[in-house]
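A closer look at the structure
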Amino acid sequence: MKSTAEIRQTFLDFFRGKGHEIVESSSLVPHNDPTLLFTNAGMNQFKDVFLGMDKRTYTRATTAQRCVRAGGKHNDLDNVGYTARHHTFFEMLGNFSFGDYFKRDAIHFAWELLTGQGWYNLPKERLLVTVYETDDEAFDIWANEIGIPKERIVRIGDNKGAPYASDNFWQMGDTGPCGPCSEIFYDHGDHIWGGPPGSPEEDGDRFIEIWNIVFMQFNRLPNGTMEKLPKPSVDTGMGLERISAVLQHVNSNYDIDVFKRLIKDTAQIIGVTDLENKSLRVIADHIRSCAFLIADGVVPSNEGRGYVLRRIIRRAVRHGHMLGAKDIFFYKLVSSLVDVMESAASQLAKSQKLVEETLKLEEEQFLKTLERGLLLLDQELSKVVNNQLPGDVAFKLYDTYGFPLDLTADVCREKNIVVDEVGFNQCMEIQRQRSRESDSFSIDYSSAIKLDGKTEFLGYNTIESSATIV
Ligand code: ATP
Ligand code: MG
Ligand code: MG
Ligand code: MG
């Protein structure tokens, strides 16, 4: 059976054979893009090439890009531990055409890699594809050239959610390059619950999206009209862990070699015997995002990117506590991670000591208040009415015990209780007002970063400086 490292290499080798330049993964911190929290797709590092503002020596590229989706537009943090297919950190395998090949080649390449003998060699009858509802061109290529039965080609429109933000129409921003997508799904078998794409049960674990192929063929102008791009491009992304699950004959990403090892080591360090425990999966996921973020220069802090990192670390520490960890444990997983990620960990390996020290310090600090905070939360949870935890309790946990809101929500979710976020935000606003009045000069608006459309101020120390976040 192929290891994840081999599966990654096969992808890159395949596309090198098709004339693509193998390009290194870029950092998780998109230094040149203040609109982006973390690198969340393979195309990020090529954004300017697609926009025609940057030129490379090649017109075809392939990468295994480290990605984090734990905030901003793509946030899978709350999916971890609940779905078989989502991580906060994952690797996205991609092939890119910068005005070179287009739909026909992109589809043929994908099919050859997935089903070709000597490549991934998947059974064709397990694969389904989607196309954008009006994209007859892609439909015809799949149906007539590839030979996929028409009932396994699903047309998906953009009527889900916001206009043009659906699963099958992609755009870089409100204006600029955009176009239809075609996604490839794998059917893990009818013993698993779930329905095909476009059906009400599509979010189950049976039909899993493995590869998204984006055809950039339009340019959206500020007035909303779309003009044809003179040279259309291609951007694709396949989750390495998802294709590994398929090729290693397991349904869940958490059962692939990389995660098996991380889960086993976590269990051993903490002293747990039940390897099916959900908290082990969460910790195995979180060590990857936390370690790689630190290796790429993110420092735990109370704002911006650093706060997202701190939140993930604290969630992991809380899950360790649930498993009965008697001692600090999280940093001990870094060496397993370096080992199991092979070529993808070269950057991490270089800063292993720093990563371990950073994690150790964070965990030590949080452990000072975790237990007391959980005790308070437990008492409050037993008093809850209408399945809602009052906002001021969540705020006290945040302010006094260093519990990020999402951590409190995570604990509550296990008991089917929600947090009154409006109440929490009101308490936060009062706090903010107070610190503004007492210390209005520490606000630095220069380094703004957008999160979910709202603006967070990286240099804004007052939001949490008065909070006892230890
Ligand atoms: P899903 O619908 O399953 O959440 P997506 O449509 O959000 O996936 P894309 O943005 O299309 O994902 O990203 C391209 C590919 O990256 C996906 O087809 C999938 O294989 C992989 N991928 C996306 N998000 C994750 C994640 N959180 N963890 C692991 N792999 C992911
Ligand atoms: Mg998603
Ligand atoms: Mg999707
Ligand atoms: Mg997708």
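Presented here is an overview of the structure given in this document.

The rules we used
Residues numbered from 1 in each chain as written. Chains lettered and ligands numbered in written order. Predicted model: local features only at pLDDT ≥ 70, side-chain atom pairs only at ≥ 80, totals over all residues. Heavy atoms only, no water. Donors = N, O, S within 2.8 Å, 3.2 Å for Na, K, Ca; no water. Helix = DSSP H or I, 4+ residues; strand = E, 2+ residues; numbered from the N terminus. Buried < 20%, exposed > 50% of the residue type's maximum accessible area, 1.4 Å probe, protein only. Polar contact = N/O pair within 3.5 Å; in protein donor to acceptor, adjacent residues only side chain to side chain. Contact = heavy atoms within 4.5 Å. Near = heavy atom within 4 Å. Areas by Shrake-Rupley, 256 points an atom, 1.4 Å probe, with all protein chains shown as cover. Nonpolar A, V, L, I, M, F, W, Y, C, P; charged D, E, K, R; others polar. 1 Å grid on protein atoms, 1.4 Å probe; cavity = no way out; pocket = protein on both sides within 12 Å on 5 of 7 lines; lining within 4 Å. Points joined across faces, edges and corners; volume = space filled by probe spheres on them. Pairing = 2+ DSSP bridges.

Topic: the coordination of the magnesium ion (ligand 4)
Binding of the magnesium ion (ligand 4) to the protein goes through Glu183 (OE) and Glu209 (OE), at separations of 2.0 to 2.2 Å. The distance between the magnesium ion (ligand 4) and the magnesium ion (ligand 3) comes to 3.2 Å, and glutamate 209 binds to both of them. Placement of the pair is glutamate 183 in strand β9 (residues 176–187) and glutamate 209 in strand β10 (residues 207–220), with a sequence separation of 26 residues. Residue classification places glutamate 183 among the buried positions, given a relative accessible area of 4%. We classify glutamate 209 as partly exposed; its relative accessible area is 25%.

Some points on the environment of phenylalanine 169
Among the structural elements, phenylalanine 169 can be located in strand β8 (residues 169–171). Residues phenylalanine 169 and valine 129 lie 40 residues apart in sequence; the distance between their C-alpha atoms is 14 Å.

Side note on the side chain of serine 27
Along the chain, serine 27 turns up in the loop between β1 (21–22) and α2 (47–50). Here valine 29 takes part through its backbone nitrogen, which lies 2.9 Å from a polar atom of the side chain of serine 27. Serine 27 has contacts with Thr39, Gln65, Arg66 and Asp296, leaving out every residue within four places of it along the chain.

Observations regarding the site of ligand 1
The immediate surroundings of ligand 1 are formed by 16 residues, with Asp76, Arg85, His86, Glu209 and Gly239 found nearest. Here isoleucine 210 contributes a backbone N or O atom positioned 3.0 Å from an oxygen atom of ligand 1. For ligand 1, an oxygen atom lies 2.9 Å from a polar atom in the side chain of asparagine 212. When isolated, ligand 1 has an accessible area of 590 Å², and the protein chains bury 88% of it. When contributions to the shell around ligand 1 are tallied by element, the ones reaching two or more residues are β5 (89–97), β10 and β11 (226–239). Counting residues per element, the shell around ligand 1 draws most heavily on β10, at four residues. Along the lines of polarity and charge, the residues of the shell around ligand 1 split into five nonpolar, five polar and six charged.

Considering empty space enclosed by the protein
The full count for this structure, using the stated rule, is one cavity of 30 Å³ or more. Roughly 40 Å³ of volume is contained in the largest cavity. Within the residue set of the lining of the largest cavity, elements represented by two or more residues are α7 (278–295), α8 (304–322) and α13 (405–413). Among the elements that make up the lining of the largest cavity, the one with the highest residue count is α7 (three residues). Residues that form the lining of the largest cavity fall into these classes: four nonpolar, two polar and five charged.

Overview of the pairing of β10
Of all the 14 residues making up β10, 13 are buried; the element is thus mostly covered by neighbouring parts of the structure. Inspection of the sheet shows β9 paired to β10 by 10 bridges, in the antiparallel sense. Looking at the pairing, tyrosine 186 lines up with isoleucine 208 of β10. Strand direction decides the pairing type here: β10 and β11, joined by nine bridges, are antiparallel. In the strand pairing of β11, phenylalanine 215 is matched with valine 234. Where β10 folds back on β11, the antiparallel hairpin that results is connected by five residues, among which glycine 224 adopts a positive phi of roughly 95 degrees.

Shape descriptors only; they carry no functional weight alone.
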